[in-house]
Amino acid sequence: MKKSFLLRGKFEQTGVQLDHGKFSCSICLDLLDDPVTTACRHSYCMNCIKDHWNGEAQKGTYSCPQCRETFMQRPVLRKNTLLEELVEDLKKIGLPVAPADQCFAGPDDVACDVCTGRKKKAVKSCLVCLVSYCTNHLQPHHDVNQLKKHKLVEPSKKLQQSVCSRHDEVMKIFCRTDQRCICYLCIMDDHKGHETIPTAAERIKKQKDLEMSQLQTQLRIQDREKDVKLLQQEVEAINASAEKTVKESEKIFTELTVLIQKRSVDLKEQIRSQQKTEVSRVKELQEKLEKEIAELKKKDAELKQIAKMEDHNQFLQSYISLSARNESTHPPSINVHPVSYLQDITAAVSQLRDKLQHILSDTWTNFSLTLNEVDVLLSEPEPKTRADFLRYSQEITLDPNTANSYLLLSKENRKATLMKEEQFYYDHPERFIDNLQVLSRESLTGRCYWEVEWRGETVETAFSYRTISRAGDESDFRYNDKSWSLVCDKHIYTLYHNRVKTQVSGPVSCRVGVYLDHRAGILAFYSISSTMTLLHRVQTRFTQPLHAGVGLYEDGDSVEFITRQT
């Protein structure tokens, strides 16, 4: 008891935590129970190692589960009293013991091939033993000199794929003829006379190819991310433009509404003012007429009285006096204005309404036709001089994955040359098969400009959607609706699109300028010499990003994209 107490105190003072694996059975993975040690000096629980050797009895040989040392006769087990006492002391003092790797293998994990019962997760696989090991069972590969030479890799469930199914040997040879891994016995029969190489050497070559493919993939990722960014910027520009247009349109329509309302109020006031003037005039005439009527009625009464007089002298005197007194000026003329002028105003307003409706109807119909041109109308004017075009210079590189196998790409994939011999390219679904063509790596949107120099008899510089076919007539830049091609020879230029051929006049030059305004739907080709001459201009509507393209016809012909514009 005193020994256990002192041992516990010593470990607590030093803060040492014991390694569970050093006191565990590598078979049951628990603390040693009745520990015994084999001739190769590995320790196990008595029952564990007996059960293990009982299972090997039918083979006639016995092996150590850790170092794999083989014994022709069943070894005599010797009890390890020192370990037994130490394990008992550890149990009594309850000293904290560092847990072993208790991460047991799950359905998706690689399990240790040595563990019995519940298997632990493997930490390494041996390409020589073709066995996967957990931490405990891997230890001999760190301790035994012969095992240290074995090749350890990350745990793999596919170790048996490294074994020849026919000869049950590890496949360490690569057959370049059949492009597959084989074992050394396969060389003697099925692969006799084939070009073979050690898998390690082939791995070095394939590693370089893989790195190149990885680089190309990363470049494509960067291109796609750039495209996504450009598209996102376009979405933001569209949204901003739409919001601005909506606000400005609402403002204009509000101003129109206010103007119409103001004109309505002004017209109403004018009508009321005219109404008041006319009514006042009519009432004034009415009053004059009523006064005249009263005077006439009075005269009529007096005339009636004179008419009744019997005395002639009195009659004559009264009549002459009345006639002189009542002699008056001409009565006012009465001009009755018809109210049709108000109807004329109504007709004029109706006519104005009809004109507005007609204007709005025509304008609204044209909106759908002009929406696609809004960006063009609001953008900068189209370049006029070569210096203006060079502001939109675009570096173009050719994509080896699309190049026909007879095209040689050089100068950092900026130049394509037609060769007599077929070039070595890996198979790729985007490669042109039936036509001597290649596409650019860059996808093109917005405004772009570049220049190419060509040599030879006949070449073509083209634009194409990425979705163009890679085989058959539809893969020819000239014969589909997904590409536009300018064919150049020493005498004339010819433009092709969807099998339509257009002869182009202009000075033939070995340098051609190419301009794209994707949003405006403009393609333009220029002859570049001492001057810049427009050869042909295409106006259309693009539905996808474009790629530059090159087509060749005669051996030795070449097209190079110029990086430094001069």
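Refer to the preceding data block for the structure.
As the structure is a prediction and not an experimental result, all values here were calculated from the model. (Residues numbered from 1 in each chain as written. Predicted model: local features only at pLDDT ≥ 70, side-chain atom pairs only at ≥ 80, totals over all residues. Heavy atoms only, no water.)

In terms of helices and strands, the protein carries 11 helices and 26 strands. Across the 566 residues in the protein, those meeting the buried criterion constitute 32%. In the form shown here, the protein has an accessible surface area of approximately 36300 Å², with 54% of it arising from carbon and sulfur atoms. (Helix = DSSP H or I, 4+ residues; strand = E, 2+ residues; numbered from the N terminus. Buried < 20%, exposed > 50% of the residue type's maximum accessible area, 1.4 Å probe, protein only. Areas by Shrake-Rupley, 256 points an atom, 1.4 Å probe, with all protein chains shown as cover.)

Within the chain, R41 stands out as a residue other than glycine whose phi angle is a positive 70°. The residue R41 is located in the loop between β2 (35-37) and β3 (43-45) in this model.

With respect to topology, 6 strands assemble into an open sheet ordered β16-β25-β18-β19-β20-β21, the strand pairing being antiparallel. Looking at strand neighbours, the two that pair on one side only are β16 (437-439) and β21 (500-504), the edges of this open sheet. When strand polarity is set aside, the average angle formed by the axes of neighbouring strands in this sheet is 20°. (Pairing = 2+ DSSP bridges. Axes fitted to C-alpha atoms, helices over the stretch in contact; angles between N-to-C directions.)

Now for the pattern of salt bridges. Under the defined criterion, the tally for this structure stands at 28 salt bridges. Salt-bridge contacts for R281 lead to E278; the nearest nitrogen and oxygen are separated by 3.0 Å. Here the residue R281 and the residue E278 both occupy positions in helix α7 (residues 199-307), the gap between them amounting to 3 residues, near one helical turn. Overall, R281 belongs to the partly exposed group, its relative accessible area being 26%. Judged by relative accessible area, E278 falls into the buried class, the value being 19%. With a closest N to O distance of 3.0 Å, R447 and D517 form a salt bridge. In this pair, R447 sits in strand β17 (residues 447-455) while D517 sits in strand β22 (residues 511-517), placing the two residues 70 residues apart along the sequence. As far as burial versus exposure is concerned, R447 and D517 are alike and both buried. Sharing partners across several salt bridges, the network here consists of R386, E451, E453, R455 and R511. (Salt bridge = Lys/Arg side-chain N within 4 Å of Asp/Glu carboxyl O.)

A separate point is the nonpolar core. Formed by 36 residues in total, the largest nonpolar core has its most connected members in W450, F463 and L486. Not counting residues up to four positions away in its chain, the partners in contact with F463 are W450, K482, S483, W484, V514, Y515, L516, L523, F525, L546 and H547. (Core = buried A, V, L, I, M, F, W, Y, C linked by side-chain atoms within 4.5 Å. Contact = heavy atoms within 4.5 Å.)

Okay, the packing of aromatic side chains next. Per the stated rule, a full pass over the model turns up 11 aromatic pairs. An angle of 75° between the planes, with centres 5.1 Å apart, marks the rings of F424 and Y426 as edge-to-face. Judged by its relative accessible area of 40%, Y426 is partly exposed. With centroids separated by 5.9 Å and ring planes inclined at 80°, the aromatic side chains of Y465 and W484 adopt a geometry described as edge-to-face. You can see Y465 sitting in strand β18 (residues 458-465) and its partner W484 sitting in strand β19 (residues 483-489), a full 19 residues away along the chain. The class of W484 is buried, set by a relative accessible area of 5%. Feature note: the residues F389, Y449, Y515 and Y526 constitute an aromatic cluster, connected by ring pairs. The residue whose ring lies beneath R470 is F432, and the NZ or CZ to ring-centre distance is 5.0 Å. Between the NZ or CZ atom of R478 and the centre of the ring of Y496, over which it lies, the distance is 5.6 Å. (Phe/Tyr/Trp six-rings, centres within 6.5 Å; stacked < 30°, edge-to-face > 60°. Lys NZ or Arg CZ within 6 Å of the ring centre and 35° of its normal.)

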